[in-house]
Amino acid sequence: TNQVWVHTIAPQKTFDVRGNAAITDSLIVGHEDSGFDPGNDKLSVNGSTRANAYYYNSDRRYKSNIKVLQSPLEKILELNGYSYLNKLSNKNDIWVIAQEVEAVYPEIVQTDADWYKSVEYGNLVAPLIEAIKELSNKIDTLFKTYLSQQTKIDALEARLQILETKTK
């Protein structure tokens, strides 16, 4: 049979891994004849994948030189979302263009040996969070200004009403 299995004696699929498996070189899953280049990645998948969850290592202990992002809203506003036909999967899709992201956040764009670019989409969450906070602060400021202006308008209307009553 054309089956490969790891940690199981009763494979359910063509490639079936049960439990932990280590990749020491690289593993390519999918069709190699589609022009898909796995680059230097340990695991490359040409096609869709499904998981219950994917977790990024994000513990504070993994990080140093931590700084809050600067001008996140300005940077996010430089990006565009697109709908397009994905040539690798031949499916309609939505996302961003890696070259545009690279101009704003080069640290989350990877370029392979053939100069094709990939985006680490999960890392767009932090700028989006900070941009939402920046928008929230702007809304709060505008609302406080509105309340202040409304208080002044109410006081002016009250004074105008008194003046109109006196002139009658």
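Residues numbered from 1 in each chain as written. Predicted model: local features only at pLDDT ≥ 70, side-chain atom pairs only at ≥ 80, totals over all residues. Heavy atoms only, no water.

### Topic: the pattern of salt bridges
Scanning the entire structure with this criterion turns up three salt bridges. We note a salt bridge from Lys117 to Glu102, for which the minimum N-O separation is 3.1 Å. Of this pair, Lys117 sits in strand β8 (residues 117-119) while Glu102 sits in helix α2 (residues 98-104); the two residues are 15 residues apart in sequence, bridging distant segments of the chain. Overall, the relative accessible area of 26% leaves Glu102 in the partly exposed class. In this structure, the salt-bridge partner of Glu130 is Lys133, at a minimum N-O distance of 3.0 Å. You can see Glu130 and its partner Lys133 sitting in helix α3 (residues 125-167), three residues apart, about one turn around the helix. (Salt bridge = Lys/Arg side-chain N within 4 Å of Asp/Glu carboxyl O. Helix = DSSP H or I, 4+ residues; strand = E, 2+ residues; numbered from the N terminus. Buried < 20%, exposed > 50% of the residue type's maximum accessible area, 1.4 Å probe, protein only.)

### Examining unusual backbone geometry
Most of the time, phi is negative for any residue but glycine, and the peptide bond is trans. Despite not being glycine, Ser71 shows a phi value in the positive range, around 50°. Relative to the helices and strands, Ser71 resides in the loop between β4 (43-45) and α1 (72-76). The class for Ser71 is partly exposed, based on a relative accessible area of 35%. Of note in the backbone geometry, Trp115 takes a positive phi value of approximately 70° without being a glycine. Tracing the sequence through the fold places Trp115 in the loop between β7 (109-111) and β8. Of the residues examined, Trp115 reaches a relative accessible area of 68% and is grouped as exposed.

### Some details on the pairing of strand β6 (residues 91-95)
Within β6, only zero of the five residues are buried, leaving the element largely exposed. Pairing of strand β5 (residues 82-86) with β6, which is carried by five bridges, proceeds in the antiparallel orientation. The residue of β6 that forms the bridge with Ser83 is Ile94. (Pairing = 2+ DSSP bridges.)

### Here we look at the confidence of the model for the protein chain
Mean pLDDT over the protein chain stands at 85; residues scoring 70 or higher make up 77%. Within the protein chain, no element has a lower average pLDDT than strand β1 (residues 4-6), which sits at 58, and none a higher one than α2, at 97. (pLDDT = per-residue confidence, 0-100.)

### Side note on the nonpolar core
Leu79, Val101, Tyr105, Ile108, Val109, Val119 and Leu124 are the most contacted members of the largest nonpolar core, which has 13 residues in total. Those elements that provide at least two residues to this core are α1 and α2. Element by element, the count of residues in this core is highest for α2, at three residues. Beyond its immediate sequence surroundings of up to four residues, Leu124 is in contact with Leu79, Tyr105 and Ile108. (Core = buried A, V, L, I, M, F, W, Y, C linked by side-chain atoms within 4.5 Å. Contact = heavy atoms within 4.5 Å.)

### Points about the side chain of Glu130
Within the structure, the side chain of Glu130 is placed 3.0 Å from the side chain of Lys133, a separation counted as a polar contact. Not counting the four nearest positions on each side in its chain, Glu130 is found in contact with Val68, Leu69 and Pro72. (Polar contact = N/O pair within 3.5 Å; in protein donor to acceptor, adjacent residues only side chain to side chain.)

### Brief notes about α3
The terminal C-alpha atoms of α3, which comprises 43 residues, lie 62 Å apart, in line with the 63 Å expected from a rise of 1.5 Å per residue. The set of residues buried in α3 consists of Pro127, Glu130 and Ala131. Check the buried side of α3 and you find it contacts α1. (Expected span 1.5 Å × (residues − 1).)

### Section: the side chain of Asn86
Relative to the assigned elements, Asn86 resides in strand β5. Since its relative accessible area comes to 19%, Asn86 is described here as buried. Aside from chain neighbours lying at most four places away, what touches Asn86 is Lys91 and Asp93.

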